[in-house]
Amino acid sequence: MSLRRLVLVAALALPFTAWAQAPIVIKFSHVVAPDTPKGKGAQRFKELAEARTGGKVKVELYPNSQLYKDKEELEALQLGSVQMLAPSLAKFGPLGAKEFEVFDLPFLFKDSVAFRAITDGPLGAQLFQKLEPKGIKGLAYWDNGFHIMSANKPLHTVADFKGLKMRIQSSKVLDAQMRALGAIPQVMAFSELYQALQSGVVDGTEGVPSNFYTQKIFEVQKHMTLSNHGHLAYAVIVNKKFWDGLPADVRTQLEGAIKDSTTYANAIAATENATALEKIKASGKTTIYTPTPAELNEWKKALMPVHKEMESRVGKATVEAAYKATGFVAPK
């Protein structure tokens, strides 16, 4: 072979070699702060994924809606602009997977064990299958504890909600929940919530203490009620085409990284929320109220019609499967 041809072959080989050695990049986008349970879970996944694949995979984290807001991120995943997300479960209803809104039914879960009975059981797996025709692969459920209510007035009884503009995620169940309490639901991106509360565009919201603390929601809300009426959880999802196209050994290593980061994220959620609540109390900026059993029962009774109303949307079979898994008992 002539020297000229050798140089040409070498030149052609160089880009291929460089390409072959380039890591597989996973852009992991989410809408909350890095120091929340979700943010820490994402960081743990990055560390495990990069270590176990020996650098074949590079995970780029984009917290705090740096790339996309709530409404935009799922479309970005489907288009392949990002490879991985961890949206709250309420996000899948607008995508057409309405069955996921079963998680939003008020007071469905009496504790975290009841929640895991769905996510770790057959119903959780069936729900993930609903995402596959939409180009999305469900990998894991991340628990983030129970929702509490907040506003600039005390929320003790159902009557206290009357006329309040309450921020919700885009979910027909959450919309019906607020209406049943006499409030006016306002769908809004999480990244816009602090300013909306500060300016009075909305009067209150629901959420978990860790997000209330890290996003400084407690600074613009005078009252919080430990209602535990809802449960916040996320689904770690990936672009299905991207996932299916990974080398089998890499995919296996990433599955292990997801499993272990899920165990970690779920384990820290309760601690992080309890710590956040203590910090909010210590700030002295918010009054934290624990409702009496009688008050809670009044809330439950007011919200039970939402369960019945949503059967036609979520699917009666899905609601019944959730009741069976969680041991749900209607209030008397």
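Residues numbered from 1 in each chain as written. Predicted model: local features only at pLDDT ≥ 70, side-chain atom pairs only at ≥ 80, totals over all residues. Heavy atoms only, no water.

A.B. asks: Just checking my understanding: could you explain helix α5 (residues 122–129) for this structure?
C.D. replies: Since one α-helical turn is 3.6 residues long, residues separated by three or four positions face the same way. Considered for burial, the residues of α5 that qualify are L123, G124, L127 and F128. Viewed end-on, α5 has its buried residues packed into an arc of 140°, placing them on one side of the element. Exposed side chains of α5 directed beyond 90 degrees from the buried face belong to P122 and Q129. Where α5 is buried, its residues contact α4 (112–119), β4 (136–146), β10 (231–239) and α12 (316–326). (Buried < 20%, exposed > 50% of the residue type's maximum accessible area, 1.4 Å probe, protein only. Helix = DSSP H or I, 4+ residues; strand = E, 2+ residues; numbered from the N terminus. Arc of directions from axis to C-beta. Contact = heavy atoms within 4.5 Å.)

A.B. asks: Can you walk me through the layout of surface pockets in this structure?
C.D. replies: Picture a little ball the size of a water molecule; that probe, rolled over the atoms, points out where space is still empty. Reported here for the largest pocket is a volume of approximately 320 Å³. Along its surface, the largest pocket is lined by 20 residues, and F107, F109, K110, K300 and V329 are the ones closest to its centre. (1 Å grid on protein atoms, 1.4 Å probe; cavity = no way out; pocket = protein on both sides within 12 Å on 5 of 7 lines; lining within 4 Å. Points joined across faces, edges and corners; volume = space filled by probe spheres on them.)

A.B. asks: Can you walk me through unusual backbone geometry in this structure?
C.D. replies: Comment: phi is negative for the bulk of residues other than glycine, and the bulk of peptide bonds are trans. Even without glycine at this site, S65 takes up a positive phi of about 55°. For S65, the location among the structural elements is in the loop between β2 (57–62) and α3 (70–79). Although it is not a glycine, F107 adopts a positive phi angle of roughly 60°. Among the structural elements, F107 can be located in the loop between β3 (84–85) and α4. On the basis of relative accessibility, which here comes to 11%, the residue F107 falls in the buried class.

A.B. asks: Before we go on, may I ask you to explain the packing of aromatic side chains in this structure?
C.D. replies: A ring pair, where both rings are aromatic, is described by two values, the distance of the centres and the angle of the planes. Inspection of every chain in the model, using the stated rule, returns eleven aromatic pairs. Ring plane angle 25° and centroid distance 6.3 Å describe the contact between F103 and F109, whose orientation is recorded as stacked. Note on accessibility: F103 and F109 belong to one class, buried. Aromatic pair F128 and Y141: ring centres 4.2 Å apart, planes at 10°, arrangement stacked. With F128 in helix α5 and Y141 in strand β4, this pair connects stretches of sequence that are 13 residues apart. Grouping residues by exposure puts F128 and Y141 together as buried. A network of ring pairs unites the aromatic residues F92, F100, F103, F109, F115, F128 and Y141 as a single cluster. The ring of Y234 carries K38 above its face, with NZ or CZ at 4.0 Å from the centroid. Directly above the aromatic system of Y264 lies the positively charged group of R44, at a separation of 3.9 Å from the ring centroid. (Phe/Tyr/Trp six-rings, centres within 6.5 Å; stacked < 30°, edge-to-face > 60°. Lys NZ or Arg CZ within 6 Å of the ring centre and 35° of its normal.)

A.B. asks: Help me understand the sheet that holds strand β7 (residues 184–187) in this model?
C.D. replies: Working definition: the strands of a sheet are paired by backbone hydrogen bonds and lie parallel or antiparallel to each other. Spatially, six strands are ordered β7-β6-β8-β5-β9-β11 in an open sheet, and the strand pairing comes out mixed. The sheet is open, and its two edges are formed by β7 and β11 (287–289), each paired on a single side. Across the sheet, the axes of successive neighbouring strands diverge by a mean angle of 25°, strand direction being ignored. The pairing of strand β6 (residues 165–168) with β7 spans four bridges and is classified as parallel. Across the sheet, M166 pairs through a bridge with P185, a residue of β7. Each of β5 (148–151), β6, β7 and β8 (204–207) is contacted by helix α6 (residues 172–180), which is oriented at about 160° to β6, the strand it contacts most. (Pairing = 2+ DSSP bridges. Axes fitted to C-alpha atoms, helices over the stretch in contact; angles between N-to-C directions.)

A.B. asks: Even after reading the chapter, I still don't get the sheet that holds β10, so can you show me in this structure?
C.D. replies: The five strands are arranged β2-β1-β3-β10-β4 in an open sheet whose pairing can be described as mixed. On the outer flanks of this sheet lie β2 and β4, each paired with one strand and no other.

A.B. asks: What is the right way to look at the side chain of T53 in this model?
C.D. replies: Examined against the element boundaries, T53 turns out to sit in the loop between α2 (37–52) and β2. Judged by its relative accessible area of 4%, T53 is buried. With residues up to four places along the chain from it excluded, the contact list for T53 reads V250, Q253 and L254.

A.B. asks: What am I meant to see in the nonpolar core here?
C.D. replies: Nonpolar side chains tend to gather and get buried jointly when the protein is soluble and globular. Of all hydrophobic cores here, the largest spans 51 residues; its most connected members are F92, F100, F103 and I237. For this core, the element with the highest residue contribution is helix α11 (residues 293–314), accounting for six residues. Once you skip the residues sitting within four places of it in the chain, F92 turns out to touch L74, P87, A97, K98, F100, L131, A235 and I237. Listed in part, the 25 residues of the second largest apolar core include F28, A86, F242 and A257. (Core = buried A, V, L, I, M, F, W, Y, C linked by side-chain atoms within 4.5 Å.)

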